[in-house]
Amino acid sequence: MDDLLADFLTETNEGLAALDGALLKLEKAPDDRQTLSEIFRNVHTIKGTCGFLGLSRLEKVAHAAENVLGKYREGSLKVTPEGITLILSALDCLKSIVAGLESTGSEPVGDDAPLIAALDAAWRGEVPVAPSTAPRAALAEPAPMVPEPATAEPDLAAAEALFETHVAPVPVPAPVPAPVPAPAAKAEAEPEAAAPAPAAPAAGQGGAAAAPPQTIRVSVDVLEDLMTLVSELVLTRNQLLQLVRARSDSALTVPLQRLSHITSELQEGVMKTRMQPIGNAWQKLPRIVRDLANELGKKIELVMKGAETELDRQVLELIKDPLTHMVRNSGDHGLETPEQRRAAGKPEIGRVMLNAYHEGGHIIIEIGDDGRGLSVEKIKAKVLSQGLTTEAELAGMSEREIQHFIFRAGFSTAAAITSVSGRGVGMDVVKTNVEKIGGTIELRSVEGKGTTFFIKIPLTLAIVSALIVEAGGERFAIPQIGVVELVRASGNAEGAQIERIHDTPVMRLRERLLPLVSLSRLLQLEGSAAEPEKDEGFVVVTQVGANVFGIIVDKVFDTEEIVVKPVAPILRHVTMFSGNTILGDGSVIMILDPNGIARATGVGADGPAEELAQAAAGLRGTRSSERTALLLFRAGDDTPKAVPLGLVARLEDLPVESIEHSGGKTLVQYRGKLMPLVSMSGGWVPPEPGRRQAVLVFNDRDRAMGLMVDAILDVVEEHMNIEGASEQPGFLGSAVICGKVTDIIDCAWWLHQAGDDWFRQTGAAVAPRRLLLVEDSAFFRHLLVPGLTAAGYEVTAVDSGAQALQLREQGTVFDIIVSDIEMPDLDGLGLARAVRESGPWQELPLVALSGRVDGERMRLAREAGFTTYVGKSDREALLASLRECLAAPGIA
Amino acid sequence: MMETEMRAAAKARSSAAVMTDSAAEMFLTLTVAGQLCGVPVLAVRDILTAQAITRVPLAPREVAGSLNLRGRIVTAIDLRRRLGLPPRAAGAPVPMSVVVEQGGELYSLLSDSVGEVLPLRASGFAGNPPTLDPVWREVSRAVHRQDDRLLIVLDVDRILAIG
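Keep in mind the model is a prediction, meaning the values are calculated, not measured. (Residues numbered from 1 in each chain as written. Chains lettered and ligands numbered in written order. Predicted model: local features only at pLDDT ≥ 70, side-chain atom pairs only at ≥ 80, totals over all residues.)

Enquirer: So what's going on with the overall build of chain B? Residues and values would help.
Expert: Within chain B, the secondary structure is distributed over four helices and 11 strands. Taken over 163 residues, chain B has a buried fraction of 39%. For chain B, long-range pairs separated by at least 24 residues make up 55% of all intrachain contacts whose partners lie at least 6 apart in sequence. (Helix = DSSP H or I, 4+ residues; strand = E, 2+ residues; numbered from the N terminus. Buried ≥ 20, exposed ≤ 12 C-beta atoms within 10 Å, placed from the backbone. Contact = placed C-beta atoms within 7 Å.)

And the structure:
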């Protein structure tokens, strides 16, 4: 409340000061509509705000004045000098109340009835009588050009009292006329002007010293300019220090030290002018949480800690909306209903916690709840149904990586869309906003216990600490906040090494495969194309959101404090840079933007660039003739083999010693489990001890299987046009990839070799028929599409019933639809009903796919409109069904 | 030293020109690959000699890089590259920077040499000859007959319209 009141006072004082001037202007030009509306607006604002703060005296006077002004504005009342003086006297009354408010913190007691009566009379169109002359006296203080100030009539002591106090001692040139607590009130009761006068100055002075405006308003631009200048000064200081260090000129050392100290203090001082407590951004939250609780029928307690933690105004502005959003999210998604909480043995009242504190040069803001926590299983299901990743990839992810999916665009776990959240815009926007100001966002969630987000943001955007690196003979700055660690890559076998999968550099760092980006390559710096890639240098391990990647540089220098300046407009399109700056030695240097690099290299696939691509692609589904990422390898003979990369969970290079044999099977201990290994070449001969075996690891849920190959060749993006189904088991057929005939392996067959409890399914048929495959599991999609393509179908795959129906609305034509039954949201049965109900697909044959085959399910599927029903495991049956259905079109 | 002198001279003469001879506009002359050019002197903020220029990777090829002008970053445009001319011969004197301002940003036009500040009479101007090379025509506001030479008046905005 104190802050609010202070703000109100500052604002009102400014408003009142502006009003004085405006009214005088109006008196001279009574027809100036613009001035009139300005006055009206000002008074209206004051009235509105004091009503809100429960300042009834102020409100009543302001209201009466506003009424009169309203009539002036409408033109139904003529602006007269008497009218103006009346309004001015109302302003003076307001001022005196405000002054009292300032010195005592509450409205002084008093009776404004005569003034209000006069205003009301004016409003009714009567000529104001009594206050006509007195207010002129009051005018004298703010605007001394009005003559004869001493003509005050004794009965209008209020105004006169004001006048007296003002004319006498006004020591502080405050923007407010010297605070007078309650002269108006007293004067009213006691007509002698002299009585309140002596009391007032004393009270006024006391008040001025204690509470009120020891602050002045300064335009943000002035502060920004100051900040820029100080930043320059800091840089110049650094430059000087560097020079002196090199020369060891002792005469300069001492004054320079002083300069350095003063500069630092000045910098801090100017920074302080821009600092605001984070509580300012939290002000609206209690109300939001209360409304949220009512709306959702939850009991929510909002706990705020560290509201006094200060941060840069600019950062504060940028963080406000994301914070609000996150608090809503915590209340909406995070917390359970009271019933659910009781059932879970938690107190009924859920807590949303906000905590802010300094850590290093950063501010950490925690937004936590003690609600249900993130459900990894739900996220997985959602991620798959949204097609954000494949099941195989998911299987290889840590819990943390899976939780990070909530930061992906278009992701929302709330099952139902509430008015609060769940519209699929959310955490990704928050993340983007946080990253925009050089911050990072992390989360920690325990299912059933709650979720806490950690936002780490720099104290200020003006000066950042950056790592200076060199690549291709040029120096660049990398903002320190994104840098996780520095790794020195040595050419020899000791320590970390830069390795290559074909031309793509990677590094194995603590059991993790780190994608690398060569800076000189990325920026097309001279010499990088010609000279062979060096395997020595430094790797700057950088984190962008959940993605970690390494930037290869030639040299690493010091860290330096830099002032980020935007690049010239003609360079804005180069997204690799977030700005440029001048270093201590006076040279200009470009600042790298890790986000831009991640996006440009495809490391951080969840950036806006991808969203755009997705939007552009629309809902065309995954056509099998589109480019697929393929892993090329050699096994057995010399013909290159290929497998869709999406199916491969990991590539491993196992020491031969770790491969064991048991019960006629080849096994390896892998991630605490036994993983069966299958060889591609018939008679597998173990390599000599001491060598290593390349293995492609396939994953499905908690199972893994390894395919032993001779060598991994490359990863390419190609159209996979499989020509001629293969007779040879284990192969779908051949395709021309990179100008070479390549065998496309049939994963299903090979996985089958590892144990027959691996899923069973596949596909194949005749004639170029258009087939729509509706299958929520990306894993099965990857398996089915190549098989069906090989069998001659033109396959379009979508991952949900809803998407299929959207294709129908877009007018896409198919010959047959193959759909999974168990899918989230709109399942296969629902889809079948929708297709049969109406529309161009009404007559199409529908084939149901299901993991389980039993009579009851078959009956249900047929009732829903499916033509036939096939088990996912039965490839032959699927192909046979397809042939059958297409031979006899129409509904069976 | 030189730069400040020239600036002062430019300022003095331009203000004098504005006051006394409104018919003549003041121009700073410069040469690019032997061609005499002029830019309105009021557009010129500074003239700098050799400067360390930081290359900007992936920038349009006309952009030579960035340089530091008393704490402000200036984007350098190589006029030769902008006009599709051959690069400076090795060992040629270092280019001069003519710093101009556009939309609150500073740009430097790298020229082979900088001449003097001249008042150009309005009567001496002629339109671009239709046979003028399209690259030149794009950036040329007019051609001025200057004694025995022709001076091309450069349009700074159009020079900076890159990419």
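After presenting the structure, the write-up continues.
Enquirer: Can you tell me about the overall build of chain A, naming the residues and giving the values?
Expert: The helix and strand inventory of chain A stands at 28 helices and 36 strands. Per-residue burial over chain A gives 42% buried out of 892 residues.

Enquirer: An account of the interface of chain A and chain B is needed here, citing residue identities and associated values.
Expert: Facing 20 residues of chain A, the contacting portion of chain B comprises 20 residues. For the side of chain A that touches chain B, the elements supplying multiple residues, two or more each, are strand S17 (577–582) and strand S18 (588–592) of chain A. A per-element tally of the side of chain A that touches chain B places S18 of chain A first, with three residues.

Enquirer: So, the environment of Gly550 of chain A: which residues are in play, and what are the values?
Expert: Residues and elements named next belong to chain A. Inspection of the secondary structure puts Gly550 in strand S15 (residues 547–553). Expressed as a C-alpha distance, the spacing of Gly550 and Ser518, which sit 32 residues apart in the sequence, is 8.4 Å. What Gly550 contacts, discounting residues up to four positions off in sequence, is Met507, Leu514, Leu516, Val539, Val540 and Val541.

Enquirer: How would you summarise the confidence of the model for chain A if you had to cite specific residues and measurements?
Expert: All names here are of chain A. Residues of chain A with pLDDT of at least 70 account for 76%, and the chain-wide mean is 74. Note on residues 130–210: pLDDT under 50 across the span, and 155 contacts to partners over four residues away in sequence or across chains. Across residues 756–767, confidence stays below pLDDT 50; counting only partners more than four residues off in sequence or on other chains, it has 38 contacts. (pLDDT = per-residue confidence, 0-100.)

Enquirer: Which residues make up the sheet that holds strand S5 (residues 362–369) of chain A, and what values go with them?
Expert: All names here are of chain A. Taking strand neighbours across the sheet as the criterion, the five strands line up as S2-S4-S5-S7-S6 in an open arrangement whose pairing is mixed. Of all the strands in the sheet, the pair left with one neighbour each is strand S2 (300–305) and strand S6 (440–446). Here the strands of the sheet are splayed against their neighbours by 15° on average, with no regard to which way each runs. Pairing between strand S4 (residues 350–359) and S5: eight bridges, direction antiparallel. Paired with Tyr357 across the two strands is Ile364, which belongs to S5. Across the face of the sheet, helix H13 (residues 285–296) comes into contact with S2 and S4 while running at roughly 165° to S2. (Pairing = 2+ DSSP bridges. Axes fitted to C-alpha atoms, helices over the stretch in contact; angles between N-to-C directions.)

Enquirer: Any details on the sheet that holds S15 of chain A? Residues and values, ideally.
Expert: All names here are of chain A. Strand order across the open sheet formed by six strands is S10-S14-S15-S13-S12-S11, with mixed pairing between neighbours. Each edge of the sheet is formed by a strand with only one pairing partner; in this case those strands are strand S10 (483–489) and strand S11 (499–501). When strand polarity is set aside, the average angle formed by the axes of neighbouring strands in this sheet is 35°.

Enquirer: Give me the lowdown on helix H3 (residues 56–74) of chain A, citing residues and values where you can.
Expert: Turn by turn, an α-helix covers 3.6 residues, leaving residues three or four places apart pointing in a common direction. Residue and element names in this part refer to chain A. Over its 19 residues, H3 extends 26 Å from the first C-alpha to the last, a length consistent with the 27 Å expected when each residue adds 1.5 Å. Turning to H3, its buried residues are Arg57, Leu58, Glu59, Val61, Ala62, Ala64, Ala65, Glu66, Val68, Leu69 and Tyr72. Looking at the buried residues of H3, the elements they touch are helix H2 (33–53), helix H4 (81–104) and helix H5 (113–123). Gly75 lies just past H3 and shows a positive phi near 90°. (Expected span 1.5 Å × (residues − 1).)

Enquirer: Provide a residue-level description of helix H10 (residues 220–247) of chain A, including the pertinent values.
Expert: With 28 residues, H10 of chain A ought to run about 40 Å at 1.5 Å a step, and its terminal C-alpha atoms sit 41 Å apart, in line with that. Those residues of H10 of chain A that fall on the buried side of the exposure criterion are Met227, Val230, Ser231, Val234, Leu235 and Arg237 of chain A.

Enquirer: Lay out the nonpolar core in plain terms, naming residues and giving numbers.
Expert: When a protein is soluble and globular, its nonpolar side chains tend to lie buried together. With 89 residues, the main nonpolar core has Ala477, Val539 and Leu592 of chain A together with Leu28, Ile77 and Val98 of chain B as its most contacted residues. If you count residues domain by domain, this core takes at least three from each of domain 2 (220–274) and domain 4 (467–605) of chain A. Contacts of Val539 of chain A, omitting those with residues within four sequence positions, involve Val487, Ala489, Met507, Leu516, Gly550, Ile551 and Ile552 of chain A. (Core = buried A, V, L, I, M, F, W, Y, C linked by C-beta atoms within 7 Å. Domains from an automatic or database assignment.)

Enquirer: Residue-level account of unusual backbone geometry, with values.
Expert: Residue and element names in this part refer to chain B. Phi at Ala33 takes a positive value of approximately 45°, unusual for a residue other than glycine. Judged by the 13 C-beta atoms lying within 10 Å of it, Ala33 is partly exposed. Its identity as a non-glycine residue notwithstanding, Leu58 has a phi of 65°, on the positive side. Topologically, Leu58 is positioned in the loop between strand S3 (44–48) and strand S4 (63–69). Overall, Leu58 belongs to the partly exposed group, with 17 C-beta atoms counted inside 10 Å.

Enquirer: Talk me through the environment of Gly269 of chain A; I want residue IDs and the actual numbers.
Expert: By the secondary structure assignment, Gly269 of chain A is in helix H11 (residues 250–273). In the structure, Gly269 of chain A is positioned 39 residues away from Val230 of chain A in sequence and 9.9 Å away in space, judged by C-alpha atoms.

Enquirer: Which residues make up the packing of helix H26 (residues 828–837) of chain A against helix H27 (residues 855–864) of chain A, and what values go with them?
Expert: All names here are of chain A. Direction vectors running N to C along H26 and H27 enclose 25°, while the axes themselves pass 8 Å from each other. Relative to H27, H26 is oriented roughly parallel. Seen from H26, the contacting residues are Leu829, Ala832 and Arg833; seen from H27, they are Leu860, Ala861 and Ala864. The residue makeup of the contact of H26 with H27, split by class, is five nonpolar, no polar and one charged. (Parallel < 35°, antiparallel > 145°, perpendicular 65-115°, else oblique. Nonpolar A, V, L, I, M, F, W, Y, C, P; charged D, E, K, R; others polar.)

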